[in-house]
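Spelled out, the chains give:
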Amino acid sequence: MEKKQLVEKLSVFAEEIRLETLEEFAALGFGHVGGAMSVVETLAVLYGHEMKYDPKNPRWPDRDWLVLSKGHAGPALYATLSLKGFFSREMLFTLNRGGTKLPSHCDRNLTPGVDMTTGSLGQGISTAIGAALGNRMDGRDNYTYFILGDGECNEGQVWEGALFAPQHNLDHLIGFVDYNGQQLDGYTKDILDLGDIAAKFREFGWFAQEIDGHSVEAILDAVEAAKKNRGAPSMIVLRTKKGHGCTFAEGIEANHHIAFKPEQMEKALACTRTRLASAERAN
Amino acid sequence: MFKLRETLEKSPDMMRDVYCNTLMELAETDPRICALDADLVSSSGMKPFFRAYPDRAINCGVQEANMIGVAAGLSATGKIPFAHSFGIFATRRACDQIFMSAAYAKLNVRIVGSDPGVTAAYNGGTHMPFEDMGVLRSIPQITLLEPTDPVMLEELVRKLTEVYGVYYIRMARKNVAGIYEKGSSFTIGRGNLLKDGSDVTLIASGIMVAEALKAREVLASEGISAKVVDMFTWKPVDSELIARCAAETGAFVTAENHNTVGGLGSAVTEAVCATCPVPVEMVGTHDRFGQVGTEDFLREEYKLTAGEIAAAARRVLARKAK
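Rules of the game
- Residues numbered from 1 in each chain as written.
- Chains lettered and ligands numbered in written order.
- Predicted model: local features only at pLDDT ≥ 70, side-chain atom pairs only at ≥ 80, totals over all residues.
- Heavy atoms only, no water.
- 1 Å grid on protein atoms, 1.4 Å probe; cavity = no way out; pocket = protein on both sides within 12 Å on 5 of 7 lines; lining within 4 Å.
- Points joined across faces, edges and corners; volume = space filled by probe spheres on them.
- Helix = DSSP H or I, 4+ residues; strand = E, 2+ residues; numbered from the N terminus.
- Nonpolar A, V, L, I, M, F, W, Y, C, P; charged D, E, K, R; others polar.
- Phe/Tyr/Trp six-rings, centres within 6.5 Å; stacked < 30°, edge-to-face > 60°.
- Buried < 20%, exposed > 50% of the residue type's maximum accessible area, 1.4 Å probe, protein only.
- Pairing = 2+ DSSP bridges.
- Axes fitted to C-alpha atoms, helices over the stretch in contact; angles between N-to-C directions.
- Contact = heavy atoms within 4.5 Å.
- Buried area = accessible area lost by both parts, 1.4 Å probe.
- Salt bridge = Lys/Arg side-chain N within 4 Å of Asp/Glu carboxyl O.
- Polar contact = N/O pair within 3.5 Å; in protein donor to acceptor, adjacent residues only side chain to side chain.

Let's shift gears to the layout of surface pockets. If a probe as big as a water molecule is rolled over the atoms, it shows which places are left empty. Approximately 440 Å³ is the volume found for the largest pocket. Taken together, 23 residues line the largest pocket, and the ones lying closest to its centre are Lys10(B), Asn175(B), Val176(B), Glu295(B) and Arg299(B). Counting residues per element, the ones that place at least two in the lining of the largest pocket are strand 1 (4–10), strand 8 (177–180), helix 9 (208–221) and helix 12 (295–301) of chain B. Sorting elements by how many residues they give to the lining of the largest pocket places helix 9 of chain B first, with 4 residues. If you go around the second largest pocket, you meet 20 residues; those closest to its centre are His72(A), Leu121(A), Gly151(A), Glu152(A) and His256(A). Of the residues contributing to the lining of the second largest pocket, the split by class is 2 nonpolar, 12 polar and 6 charged.

Structure (structure tokens):
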């Protein structure tokens, strides 16, 4: 497939993920909308092109792994997994209901295709490192991906992992930071300024890139560059907007966990459907 | 089945050497076994393992939180990680990682916390875990073990490669009293009834097992007949054995090198109250912090002695009589 076609296909997939994620929240009336919207393009590139996996055998040992360390973005991952056939669309509408297999934060024991349990921030970088080490010990050449939030980078454990991974030359470990500039209580600049995250990881010994996190083409290029890099882990800092593509969430300060009115969600769904239709026409 | 040694003497083998040698032997045929440490390889006695298996041994540096997370991730790929630090760091410092990355995620991790209680001696109060078991005891489905001597440690390390889940091993590093003959076997979750008796049950763990055996002799000279139980599994505690001892003796003394709040005394008392309520006296550190000193000084300071166990037995018998 030519790159232009691939980019168009992944743009469609991204809007499909966004639409299904919003549908999950719509059924509930609230949720971690902001941080789910900002990782949609990354999930589209990973599950739409870069990762190898088998929906019929989610624990296939040779699969690529994703540790969604910012576990509150689980609903976006659930939409992605459902679209890729790990489980039915109907299951999406059980989000957060009693007895569901789709809890607000990711759980490896409940959801087919979820590789690691996350939710308490800062821990996913370490479990991803462990998975990458274990796979390398067994001589596998699969990749382990992980996604951190920017607020999550306040946690000391993130920087423990940042020191550790280059020491062990984990070049099949590819991380992302969703740098949308907002954390639960407000803007990262005002609460605990993270500054130049890519420079920090570079200084720690990572192959670090900083890109537009809503451009599937930029994400594709960055992951391909990361895969070519040898001898060090990779970090891709995604410049994103929290709530991206969701009309009632994007551009407002308090968009981490939102309760919304049905008419607000109707509008957001309509806008997303319009973008999806336009992406499909381009494809 | 276990067999007691005839005399109470310090075991010639250091606990840490037995730990390392057993893991080395197991690792030879089991590629799943790997070892992690947080800059305490020299203390844990694991240098030979790190030399023999460099691809499966990871010195994480001074990073307990990351170490537990890495161990959890390794186990998700099928490895059996044994992660060591001093008990204080292995538990207090990494509690949330043990909770979420390992236990809640239902992964397969062994955590070894060394220098229990007063055995931390010269490292002092900052390094003296009187709370490590208590910190972890409220995490669901975790198993808490305190191997009593090198014979038990070796057997438990072997067993820990055949089970699944999160296991914490509270391990003295150096020489401790040898209680068991070589070739003894043990069952995780089952206490060992070391000596039978009819008036009171002394339930002990770790370095307090030898003290309980000595206390039994003191009590015998006074005409008091005591059972002695080695309760090396603190969680799940052996409620069945506790209920039987309660029915047969009607009184307990617990003895631990740990805070009585949240520790063995708490675990035993919960089981006693739920099965066959009888009076319980506790020997332990009673909500105090640790401090620096020799192990002998600290045993006296915190009353972790045979004399205190015997005194507690007399108190509990007085309560039982009422």
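There's more to say after this.
Moving on: the packing of aromatic side chains. All names here are of chain B. The full count for this structure, using the stated rule, is 16 aromatic pairs over all chains. Considering the side-chain rings of Phe49 and Tyr53, the 5.1 Å spacing of their centres and the 45° angle between planes classify their relative orientation as tilted. Take Phe49 and Tyr53: they sit in the same class, and that class is buried. Look at Phe99 and Tyr104: their rings are 6.0 Å apart centre to centre, the planes differ by 15°, and that puts the pair in the stacked class. The partly exposed category is assigned to Tyr104, whose relative accessible area is 44%.

Attention shifts here to the sheet that holds strand 10 (residues 200–204) of chain B. Residue and element names in this part refer to chain B. The strand order 9-11-10-13-14 describes an open sheet built from 5 strands, whose pairing is mixed. Looking at strand neighbours, the two that pair on one side only are strand 9 (192–195) and strand 14 (280–283), the edges of this open sheet. Pairs of neighbouring strands in the sheet enclose a mean axial angle of 25°, with direction left out of account. Strand direction decides the pairing type here: strand 10 and strand 13 (residues 252–255), joined by 4 bridges, are parallel. Paired with Ile203 across the bridge in strand 13 is Thr254. Against the sheet, helix 10 (residues 239–249) engages strand 9, strand 10, strand 11 (226–230) and strand 13, with an angle of about 170° to strand 11.

Residues and elements named next belong to chain A. One open sheet accounts for 5 strands, arranged 2-3-4-8-7; its pairing is parallel. In this open sheet, the two strands that pair with only one neighbour each are strand 2 (65–68) and strand 7 (207–212). Averaged over neighbouring strand pairs, the angle between their axes works out to 20° when direction is ignored.

Further remarks concern the interface of chain A and chain B. With 26 residues of chain A at the interface, the matching set in chain B holds 24 residues. Surface buried jointly by chain A and chain B totals about 2,000 Å² across both partners, of which 60% is contributed by carbon and sulfur atoms. Among the salt bridges present, the one from Asp138(A) reaches Lys79(B), with a minimum N-O distance of 2.5 Å. Run the count over chain A and chain B and you get 11 residue pairs in polar contact (both at pLDDT 80 or more). Breaking the side of chain A that touches chain B down by element, the ones donating at least two residues are helix 6 (124–137) and helix 7 (156–167) of chain A. Per-element accounting of the side of chain A that touches chain B gives the leading share, 9 residues, to helix 6 of chain A. Residue classes in the side of chain A that touches chain B are distributed as 8 nonpolar, 14 polar and 4 charged.

Read these as geometric descriptors, not functional statements.
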